[in-house]
Amino acid sequence: MMDAENKKVRVAAVADIHVTDTDKNKWAEYFKEVSRKADVLLICGDLTNTGDESEAQVLCDELKSCTIPVVAVLGNHDYEKGRQKLIRQTLQNEQVHILDGEAVVIEGVGFAGVKGFGGGFDNYMLSMFGEDAMKAFVQEAVDEALHLDRALARIDQQHEHLKKIAILHYAPMLETVIGEPEPIFPFLGSSRLAEPLIRRQVAAVFHGHAHMGTLEGTLTGGVKVFNVAKPVLLKAGYEVPFYIMEI
Ligand SMILES: [Fe+2]
Ligand SMILES: [Fe+2]
């Protein structure tokens, strides 16, 4: 048990892979390479391009080349056709964990995941005010933050000293969306997601969604945030787009 706790775990992370029906055989080499370099792979949402279960099936077939555990959250694209449950069912097996307010422990590290939502950042964060539609928009981000907090709490309750990693699709901070057009910042994430991450002292946060954002950011208290959207990694010079972190 001591050995397992002290061993370094190599975590690979990517987001926004947007798998399409024509992606057959295009991902196998990628997953083989990740499996050689890491002990666990995180995919932070937008697994499919149009939210169709046929795309999830292509990804599922490609993942047969992946020999390490996979932890993922869904993204807004995976919700596009209202088939997110089917997508989850298609992908979920003993090797692939799709988290939506849940947590899983792999190799002595706790992973908590939610999709997250928009609403904006810091002083410009949308508040619970006005029309019902506006309140519902804010409520979605509040709920996602609560689910994230609960998932992190579950790791703490079960295993007191485990390191925790959070997986989101939407950004929990402004810093990692910089590079996107400023008018769409409120749709890229919400500061509401940051509060549980800071309070529960996660070791790192991975997200995507902001394809033109910035790779690294730091929350209050030193919590590291990584926007691992595939286009961000490619732009940062990663030839095979996955970020590696040892924990
Ligand atoms: Fe995306
Ligand atoms: Fe997205």
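Procedures and definitions
Residues numbered from 1 in each chain as written. Chains lettered and ligands numbered in written order. Predicted model: local features only at pLDDT ≥ 70, side-chain atom pairs only at ≥ 80, totals over all residues. Heavy atoms only, no water. Buried < 20%, exposed > 50% of the residue type's maximum accessible area, 1.4 Å probe, protein only. Helix = DSSP H or I, 4+ residues; strand = E, 2+ residues; numbered from the N terminus. Pairing = 2+ DSSP bridges. Right-handed = clockwise from strand over helix to strand, strands pointing away. Donors = N, O, S within 2.8 Å, 3.2 Å for Na, K, Ca; no water. Tetrahedral: all angles 85-135°; square planar, octahedral: opposite > 155°, others 65-115°.

A. Here's a closer look at the pairing of strand 7 (residues 163–167). Extensive coverage of strand 7 is indicated by the burial of four of its five residues. Relative to strand 7, strand 6 (residues 109–113) runs parallel, the two being bridged by five bridges. Following the sheet pairing, Val 109 is matched in strand 7 by Lys 163. One crossover worth recording links strand 6 to the parallel strand 7 by way of helix 5 (residues 132–158), and it is right-handed. Bridge analysis of strand 7 against strand 8 (residues 204–207) gives three bridges, and the strand direction is parallel. In the sheet register, Ala 166 faces strand 8, and the bridge partner there is Val 205.

B. Just the coordination of the iron ion (ligand 2), in detail. Protein-derived ligands of the iron ion (ligand 2) are Asp 46 (OD), Asn 76 (OD1), His 169 (NE2) and His 209 (ND1), with the metal-ligand distances lying across 2.1 to 2.3 Å. Considering all four donor atoms around the iron ion (ligand 2), the spread of angles at the metal, 89 to 159°, places the coordination shape in the irregular class. Look at where the donors of the iron ion (ligand 2) fall in the sequence and you get D-x29-N-x92-H-x39-H. A separation of 3.4 Å is found between the iron ion (ligand 2) and the iron ion (ligand 1), which are bridged by Asp 46. Remark: Asn 76 occurs in the loop between strand 3 (70–73) and helix 4 (84–91) and Asp 46 occurs in the loop between strand 2 (40–44) and helix 3 (53–62); sequence separation between them is 30 residues. We classify Asn 76 as partly exposed; its relative accessible area is 27%.

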